[in-house]
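Understanding the architecture of this molecule
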Amino acid sequence: MAQIAHTVRVALGERAYDILIGDRLLDDAGAILLERFAGRRYGIITDENVARAQLPRLLQSLDAAGLEHAEIVLPAGEATKSFGQLQTAVEGLLAARLERGDLVIALGGGVIGDLAGFAASITRRGMDFVQMPTSLLAQVDSAVGGKTGINSPHGKNLIGAFHQPKLVLVDLSSLDSLNARQFAAGYAEVVKYGLIDDEEFFFWLEQNQAEIFAGGPARGEAIARCCRQKARVVIADEKELGVRALLNLGHTFGHALEKATGYGDRLLHGEGVAIGMVLAHGFSARLGLAPSQDTGRIVQHLQKSGLPTTLGDVPGDLGSTEDLMAAIAQDKKVSRGALTFILTRGIGKAFIEKGVDAVAVARFLDDVRG
Ligand code: GLY
């Protein structure tokens with residue numbers, strides 16, 4: 001059996017579950033599932049890239065444990081978070097004759113986790129599912145906490161449901177097949193946890209960044225710390241009525257940039273978040289809330305991690321500030337027309353600010369665009 005290096009409990013009462021973190025856990029997935037969920041069959045939803053890199057290991061371990069399974073392989077990429085691919089996933093589960101008591105496995109990054117979780121939430125009025133995140137972004141953020149859904153032409157994640165997984169299996173070795181750019185994009189979400197409310201963690205990241213990128217023990221430790229923090233926030237506010245919104249630090253700007261760049265290769269989600277976090281800190285400094293040297297320290301760390309930090313780092317045209325503002329207004333962190341932003345008083349001191357003045361945001365964007 002592979003070693004489970006860290007176990008994080010998401011203590012949500014009857015929806016409680018464990019996050020198991022360790023090297024090569026996919027090789028033991030069959031045995032782990034058999035021990036926890038006797039008598040189930042499995043519908044694996046994955047994408048073409050992950051199917052090549054990771055699916056054979058999972059299938060081998062399910063077979064070795066004598067577990068029955070079906071596979072649904074979708075195209076890779078953000079465009080998969082659509083009604084069309086959701087239908088393919090749901091019909092695939094039904095065609096495989098999976099029943100309500102069976103389990104869906106989401107094997108992949110954030111796109112697959114969000115879509116497969118949503119498919120599980122609506123198939124036969126709700127099936128259980130297991131997250132097996134294979135990207136850094138999914139391991140530290142999207143696979144934990146039960147946010148599932150797809151995108152709309154109106155914006156990201158505007159269609160979905162809260163549906164908690166029954167288990168999250170984080171196989172650290174699956175990160176070895178990520179390219180440097182994808183890894184760095186996921187790392188933006190790691191940095192986010194330090195910026196929200198844990199300056200000591202941000203300092204630790206500054207010290208340990210090289211080891212995290214090289215795949216040393218600090219990598220597993222960083223992922224476990226993020227999962228612990230995410231679990232704490234989700235336990236406190238499962239449905240994002242309050243503090244959970246802090247996890248959206250950098251995301252309102254980031255989502256607008258993703259929309260402006262067509263949700264594609266021009267700007268990965270984590271890259272949008274990296275720029276968004278710098279903008280959120282810069283805007284807070286502009287309002288006199290946060291020290292501007294903190295923005296500089298963040299920029300330095302993100303740049304060292306190979307991440308973009310300014311609008312000018314995004315290749316191609318971003319459209320007008322009005323278009324960016326329209327995207328910001330459509331983001332779901334809007335309540336009755338007032339902009340809700342995650343602002344900050346400095347590293348580790350983020351807070352939720354409702355009723356942010358849209359004109360001030362537009363002016364700030366115009367200024368940073370030069
Ligand atoms: N990714 C933000 C959240 O789960 O709330």
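Now for a quick tour of the structure. On a predicted model such as this, the values are computed, not experimentally measured, just so you know. (Residues numbered from 1 in each chain as written. Predicted model: local features only at pLDDT ≥ 70, side-chain atom pairs only at ≥ 80, totals over all residues. Heavy atoms only, no water.)

1. With respect to the side chain of D47
With respect to the helices and strands, the residue D47 is situated in strand 3 (residues 42-47). Within the structure, the side chain of D47 is placed 3.0 Å from the backbone nitrogen of N49, a separation counted as a polar contact. Setting aside anything within four residues of it in sequence, one finds D47 in contact with V73, L74, P75, A76, L107 and I112. (Helix = DSSP H or I, 4+ residues; strand = E, 2+ residues; numbered from the N terminus. Polar contact = N/O pair within 3.5 Å; in protein donor to acceptor, adjacent residues only side chain to side chain. Contact = heavy atoms within 4.5 Å.)

2. Here we look at the side chain of S173
Within the element layout of this structure, S173 appears in the loop between strand 9 (167-171) and helix 7 (180-197). By relative accessible area, S173 is classed as buried at 9%. At a separation of 2.6 Å, a polar atom in the side chain of S173 contacts the side chain of D171. Setting aside residues no more than four positions away along its own chain, S173 makes contact with D23, R24 and R57. (Buried < 20%, exposed > 50% of the residue type's maximum accessible area, 1.4 Å probe, protein only.)

3. Some thoughts on the state of the cysteines
Taken as a whole and assessed by the stated rule, the structure comprises zero disulfides. A disulfide-free cysteine, C227 has its sulfur positioned 6.9 Å from the sulfur of C226, the nearest such atom. Taking relative accessible area as the criterion, C227 reaches 0% and is therefore assigned buried. (Disulfide = S-S within 2.5 Å.)

4. Some points on the packing of aromatic side chains
The way to describe two aromatic rings as a pair is by their centre distance and the angle between their planes. All told, the structure shown has six aromatic pairs when counted by the stated rule. Where Y187 meets F213, the ring centres are 4.9 Å apart and the plane angle is 70°; that geometry is what we call edge-to-face. With a gap of 26 residues between them, Y187 in helix 7 and F213 in helix 8 (residues 199-214) connect regions that are remote in the sequence. Look at F283 and F364: their rings are 5.3 Å apart centre to centre, the planes differ by 55°, and that puts the pair in the tilted class. Note that F283 is positioned in helix 11 (residues 269-286) and F364 in helix 14 (residues 358-369), a separation of 81 residues in sequence. Exposure class is identical for F283 and F364. Each is buried. An aromatic cluster of at least three residues, connected via ring pairs, comprises F253, F283, F341 and F364. The ring of Y193 carries K192 above its face, with NZ or CZ at 5.4 Å from the centroid. Sitting over the ring of W204, R225 keeps its end group 5.2 Å from the ring centre. (Phe/Tyr/Trp six-rings, centres within 6.5 Å; stacked < 30°, edge-to-face > 60°. Lys NZ or Arg CZ within 6 Å of the ring centre and 35° of its normal.)

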